[in-house]
Structures are given as C-alpha cells and as structure tokens.
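# Coordinates in review
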Amino acid sequence: MQAVVRAFSLLKASRFEGEVLRLRDLCSRTGLHKTTAFRLLQTLEQVGAVERVGAEQYRSLVALQGKSRYRIGFAGRSVESAFSRAVGASLQAAAAERGLDLVLLDNRGSATVALRNAERLVREQVDVAVEFQVHERVAARISAKFLEARIPLIAVEIPHPGAVYYGGNNFEAGRLCGFTLGQRARQAWRGAADQVLLLEMAAGGPLPHSSMTGLQKGLREVLPEFAQERFVHLDGKGEFGASLDVVRRHLRRNRSGRCLVGAINDASALGALRAFEESGLGRDCYVAGQNAEPEARAELRRAETRLVGSVGFFPERYGPELVRIALDLIEKRPVPGAVFVKHAMITAQNVDAYYPNDTLLAPSSPEDLVMRSL
C-alpha cells in the first residue's frame, strides 16, 4: 500500500501535462528519498506510466483526475520546535481537506537554510508561500525573493516586509504574561519581588521585543510601584540551553532575593527555571513563558512547580486560517496586513481543560529541550 501511495505521489508531482522533471525535483516535490524515487520510477517506466527522456529526467504519461489547482509552500521554523511542528501538521491537514498540494520544508532554525528554502520554493513555483523563521535580519531578503517571483507571502510569528503577518499579538500576550506574574507575586510575596528577569530573543527583531514591553506594562498594572531599574534584560535566544546558561551566569553575579522571570517562549522559561533550581533558588522565583508547548504543559502539571503559566497561541489550529488567507491571496481577494490569533493564559488550573489529550502524547520533559539545544 505504501509503495502505491508513493508511486502516485510521483505521478502527481508534475504541475502540467508533459512537464519534464529531474529526479531531484521529483524528490523535493514528494519528499521521497532519491533511492526510493528512482526504484519506483523504474517500475513505472516498465509499465508505461512514466517516460525517461534523459539522464535522470522523467515525464508522466498518466493524466490524473482531480489534481489540485494550487500549491502552498511552507518553510517551518524547525522540526525540533513543537510549536513549528504543530503549525506544519495543522497546515498539512487543512491543505489536504481543501484538496491543495503542500510543499513542506524545514528551516532548521538557520537564517542560511531559510534563505535557501525560500529560493527552493520559488523554483517550485508555489502559488503562495508561508514562511516561519525567526531571524529578522534576513526577513527582507526572503521577502524580496518572493516579491520578485510574484509569489504572495504569509509570515508566521515574525513579520516580513510586504507579507501578511499571521500570529500572536505580541504586546498583548506579553501584557497577559506580566499581569499573571504580578498577581502571583502579590499573592505569594505580597508584591515584594526584588527583580524581574526579561528573557528576550534579540534575533527576532522589534515585534517579539514588544512582548517584553507588554510584560512590563502588565506587571505594573498589578504592582504599579515596581521600579524600572529592577528589570534586567537578558538574551536567551529563545532556546533552552542559551537561557539556562545566561541565567546561570546572572545568578552567580547577582543573588538578589525574590525574582520574577518573564520569557519570550517556553524553552527560555524552562531554561531559566532549571538555572534557579540548580542554584538552590527554586523557591525564590516565579516564571511565566509563552507558547504553551508540551514541555511547559508537563511542567505545569508538576507538583509545586514555579512555572505560573504560559500564554497559549494554539498552533494546532493555525492550518485552516492559513489556508483561507492563502486562497484569498491567490485569488486576489482583500486580505488585511495582519491577522492576530486568539491567545489565553494556560495554568496548572486549566491546562487539562485546554489540553485533555496530553496523556496520549509521548512523555515530554525539559531534558528533551536540553538535547535540542546541543
């Protein structure tokens, strides 16, 4: 059965009748390994379904009914990111439901790979591209490639010039994060926090940074007397390992008593939490993150955790809306410049209500994040 499905994917790879495709093009469009594709093509050639027209060049001789009109290209942040995987899986399901072809690529958290993948999607002549990469310094170059090719672009989470932005309202999400931290400090310490660590991601540019601005505002809504000099900005790079290291170093230099930690994402939040626990200061901190990824949800279920919550953006629901926007762009219907997703604070009290099926997932822990950071 699997061989039949793979064979049909090769036959469906051509975008128009008589298109000649190289073996490497067929592999990129279908996701098949070169050896597997070559073996299947030999069989299809023997039964007259495919014609070999040159060295590693093939033409399908079969006309398939119901072939998709449109192709969407998605370059995800990294398969190591649970958030990115959830976006990709949701988009894949939504595209299949609408009968659309989807080209899935992995940016691997690298600016260089993201640029290369943008070029590849242009070569693939996708009808619309969905870009999810976190390096603001290459956003303009990526946008330029699609603009030159006249391919509409949707940018997930990190804005790209000329692209439709789809993702969270960073300022409001940060504000909710800060408000929740402030409430916990007031309840547990009567507001007597000595310091707030803001774990940022400098590579993401100004929009993710607005989350930290919102966090300060939200905290001051609960603790209006909190002095500006008590806020400490650290670049955790949005990674567990980098955040663990930068907070470790901070704590070696400065043990300032009770500390609140607001992080740009859950990887940073859990890295900071680990650093406090290693230093014997676990009970002197409260931490809040963003994204509500599986590792954070597992931590929220741990007894006496100091993680007070994580802002959930629900990437597992992104697909249908991304497909709707993509079709509007392709068919030249009006699309707003920014589409914000709904978000909510996920806490130990409501995590099971929002994610009742987590027990069906493979166990996840901060150790998984350690390995991804290496």
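Residues numbered from 1 in each chain as written. Predicted model: local features only at pLDDT ≥ 70, side-chain atom pairs only at ≥ 80, totals over all residues. Heavy atoms only, no water.

To continue, consider empty space enclosed by the protein. Enumeration over the complete set of coordinates arrives at two cavities of 30 Å³ or more. By volume, the largest cavity amounts to about 220 Å³. In terms of lining residues, the largest cavity is bounded by 14 residues, among which Glu157, Asn170, Met201, Ile264 and Asn291 are the most central. The residue inventory of the lining of the largest cavity, partitioned by class, reads eight nonpolar, four polar and two charged. In this structure, the second largest cavity encloses a volume near 70 Å³. Lining the second largest cavity are Leu10, Leu11, Ser14, Glu19, Leu21, Leu26, Leu41, Val50, Tyr58, Arg59 and Ser60. Per-element accounting of the lining of the second largest cavity gives the leading share, three residues, to strand E3 (residues 57-60). (1 Å grid on protein atoms, 1.4 Å probe; cavity = no way out; pocket = protein on both sides within 12 Å on 5 of 7 lines; lining within 4 Å. Points joined across faces, edges and corners; volume = space filled by probe spheres on them. Nonpolar A, V, L, I, M, F, W, Y, C, P; charged D, E, K, R; others polar. Helix = DSSP H or I, 4+ residues; strand = E, 2+ residues; numbered from the N terminus.)

A word on the confidence of the model for the chain. Model confidence for the chain is summarised by a mean pLDDT of 90, while 94% of its residues fall at 70 or above. Low pLDDT, under 50, characterises residues 370-374; the stretch is placed with seven contacts to residues that sit more than four places away or in other chains. (pLDDT = per-residue confidence, 0-100. Contact = heavy atoms within 4.5 Å.)

The strand order across the open sheet built from six strands is E5-E4-E6-E7-E8-E14, with neighbouring strands paired in parallel fashion. Edge positions in the sheet fall to strand E5 (101-106) and strand E14 (338-340), since each has one partner strand and no second. Pairwise comparison of adjacent strand axes, ignoring direction, gives a mean angle of 20 degrees for this sheet. Where strand E4 (residues 71-76) and E5 come together, six bridges link them in parallel fashion. Each bridged residue has a counterpart across the sheet, and for Gly73 the counterpart in E5 is Val103. (Pairing = 2+ DSSP bridges. Axes fitted to C-alpha atoms, helices over the stretch in contact; angles between N-to-C directions.)

A few words on the packing of helix H7 (residues 170-189) against helix H8 (residues 206-222). Axes are the key here: two packed helices are described by the angle between their axes and the distance separating the axes. Two elements in contact, H7 and H8, have axes whose closest approach is 6 Å; the angle formed by their N-to-C orientations is 35 degrees. For H7 against H8, the interelement crossing comes out right-handed. Contacts between H7 and H8 pair Asn170, Phe171, Gly174, Arg175, Cys177, Gly178, Phe179, Leu181, Gly182, Gln183 and Arg186 from the former with Leu207, Pro208, Ser210, Ser211, Thr213, Gly214, Leu215, Lys217, Gly218, Leu219, Glu221 and Val222 from the latter. (Left-handed = near helix turned anticlockwise from the far one by under 90°.)

As a further point, take the sheet that holds strand E2 (residues 50-54). With respect to topology, three strands assemble into an open sheet ordered E1-E3-E2, the strand pairing being antiparallel. Bordering the open sheet on either side are strand E1 (20-22) and E2, each of which pairs with just one other strand. On average, each strand axis in the sheet is inclined to that of its neighbour by 35 degrees, with strand direction left out of account. Two elements, E2 and E3, share four bridges in a ladder whose sense is antiparallel. The residue of E3 that forms the bridge with Val50 is Ser60. Its contacts with the sheet put helix H2 (residues 23-30) on E1 and E3, and the angle it makes with E1 is roughly 85 degrees.

Next up on the list: the pattern of salt bridges. What the rule picks out here adds up to 23 salt bridges. Between Glu221 and Lys217 there is a salt bridge whose closest N-O contact spans 3.1 Å. Of this pair, Glu221 and Lys217 are both found in helix H8, four residues apart, which corresponds to roughly one turn of the helix. Residue classification places Glu221 among the partly exposed residues on the basis of a relative accessible area of 33%. As a salt-bridge pair, Glu278 and Arg248 come within 2.8 Å of each other at their nearest N and O atoms. Here Arg248 lies in helix H9 (residues 240-253) and Glu278 lies in helix H10 (residues 266-278), a separation of 30 residues in the sequence. Relative accessible area serves as the criterion here: at 45%, Glu278 is assigned to the partly exposed category. Its relative accessible area of 27% is what places Arg248 among the partly exposed residues. Several salt bridges converge on common partners, so that one network encompasses Glu321, Arg324, Asp328, Glu331 and Arg333. (Salt bridge = Lys/Arg side-chain N within 4 Å of Asp/Glu carboxyl O. Buried < 20%, exposed > 50% of the residue type's maximum accessible area, 1.4 Å probe, protein only.)

This part takes up H2. Because the α-helix completes a turn every 3.6 residues, residues three or four places apart line up on one side. H2 sits mainly inside the fold: six of its eight residues count as buried. Among all positions in H2, only Leu23, Asp25, Leu26, Cys27, Ser28 and Arg29 are buried. Directly after H2, the chain includes Gly31, whose backbone phi takes a positive value near 80 degrees.

In this section: the environment of Pro224. Mapping Pro224 onto the fold places it in the loop between H8 and strand E10 (231-235). Along the primary structure Pro224 and Gly191 are separated by 33 residues, whereas in three dimensions their C-alpha atoms are 10.0 Å apart.

In this fold, Asp25 is placed in helix H2. A polar atom in the side chain of Asp25 sits 2.8 Å from the side chain of Arg22. (Polar contact = N/O pair within 3.5 Å; in protein donor to acceptor, adjacent residues only side chain to side chain.)

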